[in-house]
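The primary structure of each chain is shown beneath.
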Amino acid sequence: MEWLDLRACYLVRMLSECRIPRTNIVREIETVDEKYREHFRARLNYWREYRESGGKTT
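Residues numbered from 1 in each chain as written. Predicted model: local features only at pLDDT ≥ 70, side-chain atom pairs only at ≥ 80, totals over all residues. Heavy atoms only, no water.

A. A look at the overall build of the protein. Scanning the protein from terminus to terminus reveals three helices and zero strands. In sequence order, the protein lays out its α and β elements as α-α-α. Computed over its C-alpha atoms, the radius of gyration of the protein comes to 11 Å, within 12% of the 10 Å expected for a compact globule of 58 residues. Across its three principal directions, the C-alpha atoms of the protein cover 30 × 25 × 15 Å. Considering only contacts in the protein between residues 6 or more positions apart, those separated by 24 or more positions represent 55%. (Helix = DSSP H or I, 4+ residues; strand = E, 2+ residues; numbered from the N terminus. Rg over C-alpha atoms; globule rule 2.2 N^0.38 Å. Contact = heavy atoms within 4.5 Å.)

In structure tokens, the structure reads:
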């Protein structure tokens, strides 16, 4: 599951730097095994919030 966290971090960084379109993230979510999708979405949201807060964790 660690690889999902690393992948989520990478995708959010690439999205925020305008290197990939949002559709790539949707495609990545669809490629993850169904039993891990909720976890992957949670990690994507975590990293998005982390970047938006300027690197501060809650």
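B. Highlighting the layout of surface pockets. Reported here for the largest pocket is a volume of approximately 310 Å³. Val12, Leu15, Arg22, Ile25 and Arg48 are the residues nearest the centre of the largest pocket, which is lined by 13 residues in total. For the lining of the largest pocket, the elements supplying multiple residues, two or more each, are α1 (2–16), α2 (22–31) and α3 (37–52). Considering every element that reaches the lining of the largest pocket, the biggest residue donor is α3, with six residues. The residue inventory of the lining of the largest pocket, partitioned by class, reads six nonpolar, two polar and five charged. (1 Å grid on protein atoms, 1.4 Å probe; cavity = no way out; pocket = protein on both sides within 12 Å on 5 of 7 lines; lining within 4 Å. Points joined across faces, edges and corners; volume = space filled by probe spheres on them. Nonpolar A, V, L, I, M, F, W, Y, C, P; charged D, E, K, R; others polar.)

C. Main features of the pattern of salt bridges. All told, the structure shown has six salt bridges when counted by the stated rule. Among the ionic pairs, Arg48 bridges to Glu52, the shortest N-O distance being 3.5 Å. A residue pair is termed a helical-turn pair when its members lie 3 or 4 positions apart in one helix, as Arg48 and Glu52 do in helix α3 at four residues. The exposure class assigned to Arg48 is partly exposed, which follows from its relative accessible area of 36%. Linked by salt bridges that have partners in common, Arg48, Glu49 and Glu52 make up one network. (Salt bridge = Lys/Arg side-chain N within 4 Å of Asp/Glu carboxyl O. Buried < 20%, exposed > 50% of the residue type's maximum accessible area, 1.4 Å probe, protein only.)

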